[in-house]
Amino acid sequence: MKYGIIEGYRSLPKPRMKGQCPVCGNDVVSKCGNKTIWHWAHVAKKHCDSWWENETQWHRDWKDKYPTEWQEVVLFDEISGEKHIADIKTDSGLVIEFQNSPLTSEELKQREAFYKNIVWVINGDKFRNNFHILHGLPDPKSYLVEDIVFYPRKHHQQGELFYRKSENPGNPSMVEIHGIHEIQDEINKEYRGHHVYDWVRPRTVWYESSKKVYIDFGNEFLWNLQIYDDRGLPCVQAISKLRFLKESGSKIES
Ligand SMILES: [Zn+2]
């Protein structure tokens, strides 16, 4: 944890300090070594919040983009008595969880039920080489999409294809195929950051999320997992981190 409690105040760890855990109230000690980021740890080895994952610099960098009072907010469910630390809880009540390690379906469901108003930012660093962002798509609300059907693709496939509903009325078993280059200009005009993608060996748990999921590959964009059309075409939409931060209430300018 970044914050422990010393004499009633949330405090950053400094070498050789003792404090209390903001969740369970038990003793915590500062861990300020060269190899790990400075944090507070329970004296009794185990973290009281079973949902807590080891913090990385990636977690810290994200949390630090929000005001300190929004970071590591302890939330309490009066009915179940459960307590958990939200990475970020904004003043409008949105919880942002920065997730580094994979979750099971069960864990995902529990967390979304507990936090309710939550979005996920997941660290894509471990699977960046398996995640292929392919050709751009027009805004799903664009007039183009009323007539055009795009195909899911594998990254090694040749040809970027579509067909027109108007050319293939009814529900034909064969359709007339076009190459995307034919409508590239129109796509460019209606482009809002959407792309077809191919995730090899996907972490499928994220497809089960009922909340927004953003993947961070370490550049200036986040990639929001979406379903593009009523045929269920998976797509991602790029959103700049600056915009994400601004929309989630961060006051940070740079
Ligand atoms: Zn604790």
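A. Region of interest: the domain arrangement of the chain. For the chain, the domain assignment lists domain 1 (1–48) and domain 2 (49–254). For domain 1 and domain 2, the distance between their C-alpha centres works out to 33 Å. Across the domain 1 to domain 2 interface the summed buried area is about 1,200 Å²; carbon plus sulfur atoms make up 51%. The largest per-residue losses of area from domain 1 upon contact with domain 2 belong to Lys2, Val23 and Ile37, which jointly make up 48% of the total buried on that side. Between domain 1 and domain 2 we count one salt bridge in total. Asp64 is the partner of Lys2 in a salt bridge, and the nearest nitrogen-oxygen pair spans 2.4 Å. Taken together, the links from domain 1 to domain 2 amount to 10 residue pairs in polar contact (both at pLDDT 80 or more). Looking at the side of domain 1 that touches domain 2 residue by residue, the class counts come to seven nonpolar, two polar and two charged.

B. Layout of the coordination of the zinc ion. Surrounding the zinc ion are the protein donor atoms Cys21 (SG), Cys24 (SG), His42 (NE2) and Cys48 (SG), which sit 2.1 to 2.2 Å from the metal. Bound by four donor atoms, the zinc ion shows angles of 102 to 113 degrees at the metal and therefore tetrahedral coordination geometry. Look at Cys21 and you get buried, because its relative accessible area is 3%.

C. Representation of the environment of Arg153 in the model. Mapped onto the fold, Arg153 is located in the loop between strand S11 (148–150) and strand S12 (161–164). Given a relative accessible area of 9%, Arg153 falls into the buried group. Other than its neighbours up to four places away in sequence, Arg153 contacts Leu134, His135, Gln158, Gly159, Glu160, Val196, Tyr197 and Asp198. Only 2.4 Å separates the side chain of Arg153 from the backbone oxygen of Gln157, close enough to count as a polar contact.

D. Local environment of the state of the cysteines. Following the criterion strictly, the structure yields zero disulfides and no others. With no disulfide of its own, Cys32 lies 16 Å from the sulfur of Cys21, the closest cysteine sulfur.

E. Structural detail: the environment of Lys126. Within the fold, Lys126 resides in the loop between strand S9 (118–123) and strand S10 (131–138). When its relative accessible area of 63% is taken as the criterion, Lys126 is described as exposed. Residues Lys126 and Ile180, spaced 54 residues apart in sequence, show a C-alpha to C-alpha distance of 31 Å.

F. Quick peek at the sheet that holds S12. Taken in spatial order, the three strands line up as S11-S12-S13 in an open sheet, and their pairing is antiparallel. The sheet terminates laterally at S11 and strand S13 (178–179), the two strands that pair on one side only. Alignment of S11 against S12, held across three bridges, turns out to be antiparallel. Its bridge partner lying in S12, Ile148 is registered against Arg164.

G. Structural view of the nonpolar core. Tyr115, Trp120, Phe131, Trp199, Trp206, Ile215 and Leu225 are the most contacted members of the largest nonpolar core, which has 25 residues in total. Leaving out residues up to four positions away in the same chain, Trp199 has contacts with Phe127, Asn130, Phe131, Trp206, Tyr207, Ile215 and Leu225.

H. A look at the packing of aromatic side chains. Going through the model one piece at a time under the given rule, you end up with 20 aromatic pairs. The ring of Tyr3 is capped by Arg10, whose NZ or CZ atom sits 4.0 Å from the centre of that ring.

I. Structural view of the sheet that holds strand S8 (residues 95–99). Pairing is mixed in the open sheet, where nine strands are placed in the order S6-S7-S8-S9-S15-S16-S17-S14-S10. Every interior strand has two partners, whereas the edge strands, strand S6 (71–76) and S10, have only one. Strand after strand, the sheet turns through a mean of 40 degrees between neighbouring axes, direction not considered. With two bridges joining them, strand S7 (residues 83–89) and S8 adopt antiparallel strand pairing. Counted as the bridge partner of Lys89 is Val95 from S8.

J. Geometry of the side chain of Glu72. Mapped onto the secondary structure, Glu72 falls in strand S6. The contact partners of Glu72, leaving out residues within four places of it in the chain, are Met1, Lys2, Tyr3, Arg10, Trp52, Glu55, Lys63, Ile85, Ala86 and Asp87.

K. Just unusual backbone geometry, in detail. Look at Glu7: it is not a glycine, yet its phi comes out positive at around 50 degrees. Relative to the assigned elements, Glu7 resides in the loop between strand S1 (4–6) and strand S2 (9–11). One non-glycine residue, Arg16, lies in the positive phi region at around 55 degrees. Turning to its location among the elements, Arg16 is positioned in the loop between S2 and strand S3 (18–20). Arg16 sits in the exposed class, given a relative accessible area of 81%.

Rules used throughout
Residues numbered from 1 in each chain as written. Predicted model: local features only at pLDDT ≥ 70, side-chain atom pairs only at ≥ 80, totals over all residues. Heavy atoms only, no water. Domains from an automatic or database assignment. Buried area = accessible area lost by both parts, 1.4 Å probe. Salt bridge = Lys/Arg side-chain N within 4 Å of Asp/Glu carboxyl O. Polar contact = N/O pair within 3.5 Å; in protein donor to acceptor, adjacent residues only side chain to side chain. Nonpolar A, V, L, I, M, F, W, Y, C, P; charged D, E, K, R; others polar. Donors = N, O, S within 2.8 Å, 3.2 Å for Na, K, Ca; no water. Tetrahedral: all angles 85-135°; square planar, octahedral: opposite > 155°, others 65-115°. Buried < 20%, exposed > 50% of the residue type's maximum accessible area, 1.4 Å probe, protein only. Helix = DSSP H or I, 4+ residues; strand = E, 2+ residues; numbered from the N terminus. Contact = heavy atoms within 4.5 Å. Disulfide = S-S within 2.5 Å. Pairing = 2+ DSSP bridges. Core = buried A, V, L, I, M, F, W, Y, C linked by side-chain atoms within 4.5 Å. Phe/Tyr/Trp six-rings, centres within 6.5 Å; stacked < 30°, edge-to-face > 60°. Lys NZ or Arg CZ within 6 Å of the ring centre and 35° of its normal. Axes fitted to C-alpha atoms, helices over the stretch in contact; angles between N-to-C directions.

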